Amino acid sequence: MPKELTERKKRILHALVDLYITTGQPVSSSDIQSRYLPEVSSATVRSELSALEALGYIEQPHTSAGRIPLKRAYKFYVENINSESADNMLTDSETAFIRDKFMHKLGHIENLSKEAAKVISDVTNYTSFFIEKASVNVEIEEVKLVPLKGGKALVLIVTNKGVIADKAIDVKDGVKDEYIDTASGLLNKVFAGKRVEDMESFDVEEIEVEIQGFKEIFSEVLGILRIYLNEHCDGNVFVEGALKMLDYPEYNNVEDAKNFLSVISDKESMSELLIDEDTSIEFSVRIGKEDSGVDKCAIITASYKVGDDVMGQAGVIGPERMDYKKVIGVLDYMKKTLSTVIDSSKSDKED
């Protein structure tokens, strides 16, 4: 926290950022005095605002206007957000919405990241993202075949990271349950204990004799594993609410809007822009083009962990005057909820 700021200056600066985030309009000394510091005169607040302007925290866009925060003010504001104040920004209905969205995902990790990005965007009303960590060390624990009607069988592939696939495949019409049971046994003999990333070079022809009569089923399962590998080997980037940024006056300019949309529509650009290498930091906040890479933007990123393993990074892209308390509160609650979902998934498999 800057040493040159007195407690009163800190209170005034915090109040100014709060009001500007809410209204998007320059903040007057009378607004700060009446709503945050009634015990202090307006003249004193004006004097303190002049000092904060000289220190580079705020500026006055026009002589007769109030003040607006600069990047340094936002950084001060974010540094002074504590977890308790952020948690209190979520209503009971918002926490229930987040929790309910993930309860039906118990035991499944497919589409969990996309769902997380959508929930964050819905609750914050900003553009959100989720970057999956590239799938490594995903070990196949069990392959289950469940017979269905009409010459179909359901394939369930259980890994140490959750259920990665539940897909219906074609089998010979009229086959008996014994055929499915034998196929399941052979599938587990071949695949259980192997890593998904090893499936790229796996050759069914090498075990052709062993799987005689079941080759089509093995090829189907191998195809499912390879599709998953191709989709997750580099880590996916999910973006939701891309057009929400255009609801804010900061992006009413056509050129700014085009630049923003061109960046977030490119997966490689998004990965470079959003991935934070230091996953030990609870929340990473980057403000302004110099830090965030996008003009008039702020980016808040949170790493999502299960135990010590980082499963991905999620966050929000919004205007510099985004509601930082609300966003940090949402990301924090999402971290807890996702951990619960994944831990429950692991417990179900162990049972």
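Description of the structure in this document. (Residues numbered from 1 in each chain as written. Predicted model: local features only at pLDDT ≥ 70, side-chain atom pairs only at ≥ 80, totals over all residues. Heavy atoms only, no water.)

Attention now moves to the environment of His 14. Note that His 14 resides in helix H1 (residues 7-23). Sequence spacing of His 14 and Ile 32 is 18 residues, and the spatial spacing of their C-alpha atoms is 9.8 Å. In this view, His 14 contacts Phe 76, Tyr 77 and Lys 325; residues no more than four positions away in its chain are not counted. (Helix = DSSP H or I, 4+ residues; strand = E, 2+ residues; numbered from the N terminus. Contact = heavy atoms within 4.5 Å.)

Per the counting criterion, the structure on display carries six aromatic pairs. Three or more aromatic residues link up through ring pairs in this structure, and these residues are Tyr 74, Tyr 77 and Tyr 324. Against the face of Phe 283 rests Lys 335, its NZ or CZ located 5.1 Å from the ring centre. (Phe/Tyr/Trp six-rings, centres within 6.5 Å; stacked < 30°, edge-to-face > 60°. Lys NZ or Arg CZ within 6 Å of the ring centre and 35° of its normal.)

Moving on, we come to the nonpolar core. Residues Ile 32, Ile 98, Phe 102, Tyr 304, Tyr 324 and Met 334 are the most contacted members of the largest nonpolar core, which totals 56 residues. Top contributing element to this core by residue count: helix H13 (residues 324-350), with nine residues. Among all residues touching Phe 102, those that are not within four sequence positions of it are Leu 112, Glu 115, Ala 116, Val 119, Met 334, Thr 337, Leu 338 and Val 341. Core analysis: the second largest hydrophobic core is formed by 33 residues, Leu 145, Ala 183, Phe 218 and Leu 225 among them. (Core = buried A, V, L, I, M, F, W, Y, C linked by side-chain atoms within 4.5 Å. Buried < 20%, exposed > 50% of the residue type's maximum accessible area, 1.4 Å probe, protein only.)

In summary, the side chains of a regular strand alternate between the two faces of the sheet. The pairing of strand S4 (residues 140-148) with strand S5 (residues 152-159) spans eight bridges and is classified as antiparallel. Residue Ile 140 lies in a different strand from S5, and its bridge partner there is Thr 159. When S5 meets strand S6 (residues 162-170), the two strands line up antiparallel, connected through eight bridges. Bridging from a neighbouring strand, Thr 159 pairs with Gly 162 of S6. The loop that links S5 with its antiparallel partner S6 comprises two residues. (Pairing = 2+ DSSP bridges.)

Looking now at the packing of H1 against helix H3 (residues 42-54). Packing of H1 against H3 brings their axes to within 10 Å, and their N-to-C directions diverge by 85°. Comparing their axes, H3 and H1 come out roughly perpendicular. Between H1 and H3, the contacting residues are Arg 8, Lys 9, Ile 12, Leu 13 and Leu 16 on the first element and Thr 44, Val 45, Glu 48, Leu 49, Ala 51 and Leu 52 on the second. Grouping the amino acids of the contact of H1 with H3 by side-chain chemistry returns seven nonpolar, one polar and three charged. (Axes fitted to C-alpha atoms, helices over the stretch in contact; angles between N-to-C directions. Parallel < 35°, antiparallel > 145°, perpendicular 65-115°, else oblique. Nonpolar A, V, L, I, M, F, W, Y, C, P; charged D, E, K, R; others polar.)

What the three strands build is an open sheet, ordered S4-S5-S6; its pairing is antiparallel. In the strand order of this sheet, the two ends are held by S4 and S6, each with one partner. With direction set aside, neighbouring strand axes in the sheet form an average angle of 15°.

On to the pattern of salt bridges. Counted according to the given criterion, the structure contains 13 salt bridges. Between Asp 170 and Lys 152 there is a salt bridge, and its shortest N-O distance comes to 2.6 Å. Taken together, the residues span a long stretch of sequence, with Asp 170 in strand S6 and Lys 152 in strand S5 at a distance of 18 residues. Taking the relative accessible area as the measure of exposure, Asp 170 reaches 46% and is therefore partly exposed. (Salt bridge = Lys/Arg side-chain N within 4 Å of Asp/Glu carboxyl O.)

So, about unusual backbone geometry. Positioned with a positive phi, Asn 125 is a non-glycine residue whose angle comes to about 65°. As for its placement among the helices and strands, Asn 125 is situated in the loop between helix H7 (112-124) and strand S3 (127-132). By relative accessible area, which is 36% here, Asn 125 ends up partly exposed.

It is at 10 Å that the axes of H1 and helix H4 (residues 71-79) come closest, and there the two elements cross at 100°. With respect to each other, H1 and H4 are oriented roughly perpendicular. Residue-level contacts link Lys 10, Leu 13, His 14, Val 17, Asp 18, Tyr 20 and Ile 21 of H1 to Ala 73, Tyr 74, Phe 76 and Tyr 77 of H4. A class-by-class count of the residues in the contact of H1 with H4 yields eight nonpolar, one polar and two charged.

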